[in-house]
Amino acid sequence: MRTVPPVEDLGEGVWSIPVPVPHNPIGFTYVYVLPALGGPVLIDTGWNHEDSWDALVSGLKQTGHGVDEVQGAVITHFHGDHSGLVGRLREASGAWIAMHPADIEVLRRLEEHTDEERSASVIDQMTRAGFPEQDIETFRASPNVFRSPAPPDLALRDGERVDAPGLDLRAVWTPGHTPGHLCLHLAERDLLFTGDHVLPRITPHVGQFPLDSADGNPLGDFLASQSRIGRMPEADRLMCLPSHETRFSGLAERAEEIIDHHEERLQSMARLLEQGPTTLWELTSNLEWRRPWADMRTLARHMAASETAAHLRLLEERGLITRNGSADLPRWASVAGPHLPE
Ligand SMILES: [Zn+2]
Ligand SMILES: [Zn+2]
């Protein structure tokens, strides 16, 4: 578990409040406080948990503000460690909540189904991916509860300015980690709030959902978003404030590293597929992951499979691989055909 850093004054009314994410290796999410006429604006809110709420409220107090003074919160993306407290924040302060329309749409679609329906759909996907029965049984037995945050009030699109007087904060749409992920640019201070899009050490999860969907291309979007953010004209002088880990500079270099990491993964997958048609499970379990496959729980294996599926989708889009086999158990194969290992 990471230690939670202190609340920090970043100057001229900008603060960071690390809000703990209990029982999660990510440790904490930074909530940023920005000054505006009529009350502070937050970037993200943190996880929905009593300890997290307490950390947010006491952190705000250290910045000189009561939680009731908050006028609005911009959410970088819909994930629970960023959006979890929006309902509670709105109740306590009447704050508006803004998010990119693509993530508002994801939340709307998730809301259309019950937890049971969502679980059943994941089990179907895992079956078609070739997961062994034991993994599927473990998944079936584990409660899979989606805690939807309260719906946002405002849509914030690419290039739009956050609607708060005295604050010139602009949205930079960076789809990939989620379809509506936003970075936020405070130009006058040369600060870029990078959310989960660019972190100094870890690379964010990019997954294909459903696993065998032929729609969308999240990894392609993510790599384009990395190029785009790395080419911002101010990239060299920006101080980057991510949602986890630590602040960093050298945005262009970091974006390049993240792109290289995925290009290497794409190459190693393409090479494995040259050995013959492979199910998603076979391929995923043969790749290297941060922790050994044998030690990964079912949920982590499902996340790994979604990450692999996103890479396959991009390789397919580049015309390097095709899917064949039955619809019940698709297999992926190199377009170049099977080669004997050298
Ligand atoms: Zn996230
Ligand atoms: Zn996060």
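Not measured: the values here are computed from a predicted model. (Residues numbered from 1 in each chain as written. Chains lettered and ligands numbered in written order. Predicted model: local features only at pLDDT ≥ 70, side-chain atom pairs only at ≥ 80, totals over all residues. Heavy atoms only, no water.)

Thoughts on the domain arrangement of the protein
It is common to give the size of an interface as the accessible area that goes away when the parts come together.
Phase 1 of the analysis: Along its sequence, the protein is carved into domain 1 (8-108 + 149-259) and domain 2 (115-144 + 268-334).
Phase 2 of the analysis: With 19 residues of domain 1 in contact, the opposing surface of domain 2 contributes 19 residues.
Phase 3 of the analysis: Note on domain 1 versus domain 2: buried area summed over both sides is about 1,500 Å², and carbon and sulfur give 59% of it.
Phase 4 of the analysis: Contact with domain 2 buries surface across domain 1, with Leu211, Asp212 and Leu219 losing the most and accounting together for 41% of the total.
Phase 5 of the analysis: The interface formed by domain 1 and domain 2 holds one salt bridge in total.
Phase 6 of the analysis: For arginine 128, the salt bridge identified is with aspartate 212, shortest N-O distance 2.5 Å. (Domains from an automatic or database assignment. Contact = heavy atoms within 4.5 Å. Buried area = accessible area lost by both parts, 1.4 Å probe. Salt bridge = Lys/Arg side-chain N within 4 Å of Asp/Glu carboxyl O.)

Brief notes about the coordination of the zinc ion (ligand 1)
Reference geometry at the metal: tetrahedral coordination by four donors gives ideal angles of 109.5 degrees; octahedral coordination by six donors gives 90 or 180 degrees.
Phase 1 of the analysis: Donor atoms from the polypeptide that coordinate the zinc ion (ligand 1) comprise His77 (NE2), His79 (ND1), His177 (NE2) and Asp196 (OD), at 2.1 to 2.3 Å from the metal.
Phase 2 of the analysis: A gap of 3.5 Å separates the zinc ion (ligand 1) and the zinc ion (ligand 2), which aspartate 196 links by coordinating each metal. Pair noted here: histidine 77 is in the loop between β5 (72-74) and α2 (80-83) and aspartate 196 is in the loop between β10 (191-195) and α7 (218-230), with a separation of 119 residues, a long-range link. For the pair formed by histidine 77 and aspartate 196, the shared burial category is buried. (Donors = N, O, S within 2.8 Å, 3.2 Å for Na, K, Ca; no water. Helix = DSSP H or I, 4+ residues; strand = E, 2+ residues; numbered from the N terminus. Buried < 20%, exposed > 50% of the residue type's maximum accessible area, 1.4 Å probe, protein only.)

What about the packing of aromatic side chains?
Phase 1 of the analysis: Counted by the stated rule, this structure contains four aromatic pairs.
Phase 2 of the analysis: Seen from their ring centres, phenylalanine 28 and tyrosine 30 are 4.9 Å apart, and the 75 degrees between their planes marks the pair as edge-to-face.
Phase 3 of the analysis: Residue classification places phenylalanine 28 among the buried residues on the basis of a relative accessible area of 4%.
Phase 4 of the analysis: Residue tyrosine 30 is classed as buried on the basis of its relative accessible area, which comes to 10%. (Phe/Tyr/Trp six-rings, centres within 6.5 Å; stacked < 30°, edge-to-face > 60°.)

Overview of the pairing of strand β6 (residues 96-99)
Phase 1 of the analysis: Side chains Trp96 and Ala98 project from β6 onto one buried face, and the interleaved Ile97 and Met99 project onto a second face that is buried too.
Phase 2 of the analysis: Two strands pair when backbone bridges link them, and β5 and β6 are joined in this way by three bridges, in the parallel orientation. Residue pairing across strands places valine 74 opposite alanine 98, the latter belonging to β6.
Phase 3 of the analysis: Alignment of β6 against strand β7 (residues 154-155), held across two bridges, turns out to be parallel. When the bridges of β7 are listed, methionine 99 appears paired with alanine 155. (Pairing = 2+ DSSP bridges.)

Looking at the coordination of the zinc ion (ligand 2)
Phase 1 of the analysis: Each protein donor to the zinc ion (ligand 2) is listed here as Asp81 (OD), His82 (NE2), Asp196 (OD) and His244 (NE2); together their distances run 2.1 to 2.2 Å.
Phase 2 of the analysis: Its four donor atoms give the zinc ion (ligand 2) angles of 88 to 152 degrees at the centre, a pattern that matches the irregular case. (Tetrahedral: all angles 85-135°; square planar, octahedral: opposite > 155°, others 65-115°.)

Observations concerning the packing of helix α8 (residues 251-273) against helix α10 (residues 298-317)
Phase 1 of the analysis: Two numbers describe how α8 lies on α10: the axes approach to 10 Å, and their chain directions differ by 80 degrees. It follows from the interaxial angle that α8 and α10 lie roughly perpendicular. Between α8 and α10, the residues in contact are His262, Arg265, Leu266, Met269, Ala270 and Leu273 and Glu307, Thr308, His311, Leu312, Leu314 and Leu315, respectively.
Phase 2 of the analysis: Tallied by class, the residues present in the contact of α8 with α10 amount to seven nonpolar, three polar and two charged. (Axes fitted to C-alpha atoms, helices over the stretch in contact; angles between N-to-C directions. Parallel < 35°, antiparallel > 145°, perpendicular 65-115°, else oblique. Nonpolar A, V, L, I, M, F, W, Y, C, P; charged D, E, K, R; others polar.)

Description of the nonpolar core
Phase 1 of the analysis: Of all hydrophobic cores here, the largest spans 41 residues; its most connected members are Leu192, Leu219, Ile229, Leu251, Leu280, Leu312 and Leu315.
Phase 2 of the analysis: Of all the secondary structure elements, the ones that give two or more residues to this core are α5 (115-129), α6 (133-141), α7, α8, α9 (280-286) and α10.
Phase 3 of the analysis: Take this core: its biggest share by element is eight residues, from α8.
Phase 4 of the analysis: Per-domain counts for this core show at least three residues from each of domain 1 (8-108 + 149-259) and domain 2 (115-144 + 268-334).
Phase 5 of the analysis: Formed by 24 residues, the second largest nonpolar core is a distinct cluster that contains Leu156, Leu191, Phe193 and Leu241. (Core = buried A, V, L, I, M, F, W, Y, C linked by side-chain atoms within 4.5 Å.)

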